[in-house]
Amino acid sequence: MREETGQVKKPAHEDTLQESIHGVEKKHLPHILCTTNLLLHGIDVPSQIRHDNTLSRPLRDYGPKDRVDVIVTNPPFGGMEEDGIELNFPKAFQTRETADLFLVLITHLLKDGGRGAIVLPDGTLFSEGVKTRIKEKLMDECNLHTIVRLPNGVFAPYTGIKTNLLFFTKGTPTKDIWFYEHPYPHGAKSYNKTKPIAVSEFDAEKKWWGKPDTRGGFKGRKESELAWKVTAAEIIENGYNLDIKNPHNSDTGPGDPDDLLAELESIRTASRETLDQLKSELATALASQT
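The shown structure was predicted, so the numbers you read here are calculated from the model rather than taken from an experiment. (Residues numbered from 1 in each chain as written. Predicted model: local features only at pLDDT ≥ 70, side-chain atom pairs only at ≥ 80, totals over all residues. Heavy atoms only, no water.)

Here's the deal with the pattern of salt bridges
So, point 1. Under the definition given, this model contains twelve salt bridges.
So, point 2. With its nearest N and O atoms 3.2 Å apart, the salt bridge here joins K26 to E81. Placement of K26 in the loop between β1 (23-25) and α3 (28-40) and of E81 in the loop between β3 (68-73) and α4 (98-109) is noted, with a sequence separation of 55 residues between them.
So, point 3. K26 sits in the partly exposed class, given a relative accessible area of 38%.
So, point 4. Looking at E81, the relative accessible area reads 4%, which means it is buried.
So, point 5. Connected through salt bridges with shared partners, the residues D122, R149, D243 and K245 form a single ionic network. (Salt bridge = Lys/Arg side-chain N within 4 Å of Asp/Glu carboxyl O. Helix = DSSP H or I, 4+ residues; strand = E, 2+ residues; numbered from the N terminus. Buried < 20%, exposed > 50% of the residue type's maximum accessible area, 1.4 Å probe, protein only.)

Quick look at the structure:
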């Protein structure tokens, strides 16, 4: 850690490093693995990694001192929080789906001008209901400038759900969104545990990325067979559906099985949310009669 960064050169630097590592881990075994890993890397007392649920803290309890400049995260997706966790969030964004709650939390924690990057499944892009309101909040409060659409198998064998990288800057609303379709390497049809995605594959995105301009865009970006731009007005008109297919791809088949499965899971999630809401309203009604 110290050798790789080259920043720890004095005792004061070491003290800063020891005090700067914080974290929260919900599950017991990963928490133990995390603290053990920190000990092996010279963090003497890794007590700042708490065994807790990040989402259990009410959103209103976060103040200016909790704001940060950068958040890069791959939150759990497809998981459901226990009853009551959603009550820590404003009513309009209450859901038990973990990834959705983390997206609300991240946009809240960023400072104005702060940058965020998050991995989200396809279901978040096209689903409605609470997800629509969360996407509206994201686009109103942040410049959601880029979505990199990843192919199938990136997280194999843990899940086959297609995922996306969302990049945004807080403080100004979204005007345009650039999409980039990340292709498989030449000759590959999927990723797996023995042939995972490689960092070097993103060299094409880095070359295309360009430099930020004063209007919230990027100089030098051009449309291609892998890149295209959509206005925020088009997204809003389409009900905040961010599942924008590559217009340069002529494939008009019945649909990708992974997309269809993700859509089915989205429908199931919406059904669970509706059922939970009905249970809550029934419990309230019964309580008022006693």
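Having put the structure on the table, let's press on.
Here's the deal with a nonpolar patch on the surface
So, point 1. A contiguous nonpolar surface patch, about 290 Å² in accessible area, is contributed by L29, I32 and L33.
So, point 2. Checked against the element boundaries, L29 lands in helix α3. (Patch = residues over 30% accessible without salt bridge, like charges linked within 9 Å, V, L, I, M, F, W, Y side chains within 5 Å. Areas by Shrake-Rupley, 256 points an atom, 1.4 Å probe, with all protein chains shown as cover.)

Remarks on the pairing of strand β4 (residues 110-121)
So, point 1. Judged from the five bridges that link them, β3 and β4 form a sheet pairing that is parallel. From the neighbouring strand, V72 faces β4, where its bridge partner is A117.
So, point 2. Tracing the backbone out of β3, into α4 and back to the parallel element β4 gives a crossover that is right-handed.
So, point 3. Judged from the seven bridges that link them, β4 and strand β6 (residues 163-170) form a sheet pairing that is antiparallel. The residue of β6 that forms the bridge with G116 is F168. (Pairing = 2+ DSSP bridges. Right-handed = clockwise from strand over helix to strand, strands pointing away.)

Structural notes on unusual backbone geometry
Only a minority of non-glycine residues have a phi that is not negative, and only a minority of peptide bonds are not trans.
So, point 1. Of note, the phi angle at Y240 is positive, near 60°, even though the residue is not glycine.
So, point 2. Along the chain, Y240 turns up in the loop between α8 (232-237) and α9 (257-289).
So, point 3. A relative accessible area of 10% means that Y240 is categorised as buried.

So, the sheet that holds strand β7 (residues 176-181)
So, point 1. The mixed open sheet is built from six strands, whose spatial order is β3-β4-β6-β5-β7-β10. Two strands lie at the open edges of the sheet, namely β3 and β10 (227-231), each paired on one side alone. On average, each strand axis in the sheet is tilted by 15° relative to the strand beside it, whichever way the strands run.
So, point 2. Alignment of strand β5 (residues 142-149) against β7, held across four bridges, turns out to be parallel. Pairing of V148 across the sheet is with Y180, part of β7.
So, point 3. Where α4 meets the sheet, its contacts fall on β3, β4, β5 and β6, and the angle it forms with β4 comes to roughly 165°.
So, point 4. Where helix α6 (residues 130-141) meets the sheet, it contacts β5, β6 and β7, and its direction lies at approximately 120° from that of β5. (Axes fitted to C-alpha atoms, helices over the stretch in contact; angles between N-to-C directions. Contact = heavy atoms within 4.5 Å.)

Observations regarding the packing of α4 against α6
So, point 1. As a packed pair, α4 and α6 sit with axes 10 Å apart at the nearest point and diverge in direction by 20°. Relative to α6, α4 is oriented roughly parallel. Here α4 runs over α6; the crossing is left-handed. Touching D100, L103, V104 and T107 of α4 are K131, I134, K137, L138 and E141, all from α6.
So, point 2. Residue composition of the contact of α4 with α6, grouped by class: four nonpolar, one polar and four charged. (Parallel < 35°, antiparallel > 145°, perpendicular 65-115°, else oblique. Left-handed = near helix turned anticlockwise from the far one by under 90°. Nonpolar A, V, L, I, M, F, W, Y, C, P; charged D, E, K, R; others polar.)

Comments concerning the layout of surface pockets
So, point 1. Size it by volume and the largest pocket reaches roughly 1,000 Å³.
So, point 2. Every residue lining the largest pocket is counted, 30 residues in all, and those nearest its centre are G23, V24, E25, T54 and F102.
So, point 3. For the lining of the largest pocket, the elements supplying multiple residues, two or more each, are β1, β3 and α4.
So, point 4. Of the residues assigned to the lining of the largest pocket, the class counts are twelve nonpolar, nine polar and nine charged. (1 Å grid on protein atoms, 1.4 Å probe; cavity = no way out; pocket = protein on both sides within 12 Å on 5 of 7 lines; lining within 4 Å. Points joined across faces, edges and corners; volume = space filled by probe spheres on them.)

Focus on the packing of aromatic side chains
So, point 1. Applying the stated criterion across every chain, the model contains eight aromatic pairs.
So, point 2. Geometrically, the ring pair formed by F167 and W209 is edge-to-face, given 5.1 Å between the ring centres and 75° between the ring planes. Of this pair, F167 sits in strand β6 while W209 sits in helix α7 (residues 203-209); the two residues are 42 residues apart in sequence, bridging distant segments of the chain.
So, point 3. For W209, a relative accessible area of 21% gives the class partly exposed.
So, point 4. Judged by centre distance (5.0 Å) and plane angle (50°), the ring pair of Y180 and W208 falls under tilted. Residue Y180 is found in strand β7, and its partner W208 is found in helix α7; the two are separated by 28 residues along the sequence.
So, point 5. With a relative accessible area of 6%, Y180 lands in the buried category.
So, point 6. With relative accessibility at 10%, the residue W208 sits in the buried group.
So, point 7. These aromatic residues form a ring-pair network of at least three members: F167, W178, Y180, W208, W209 and F218.
So, point 8. The lysine or arginine in question, R221, covers the ring of W209, its NZ or CZ lying 4.5 Å from the ring centre.
So, point 9. R221 extends its terminal NZ or CZ atom over the ring of F218, reaching a point 3.9 Å from the ring centre. (Phe/Tyr/Trp six-rings, centres within 6.5 Å; stacked < 30°, edge-to-face > 60°. Lys NZ or Arg CZ within 6 Å of the ring centre and 35° of its normal.)

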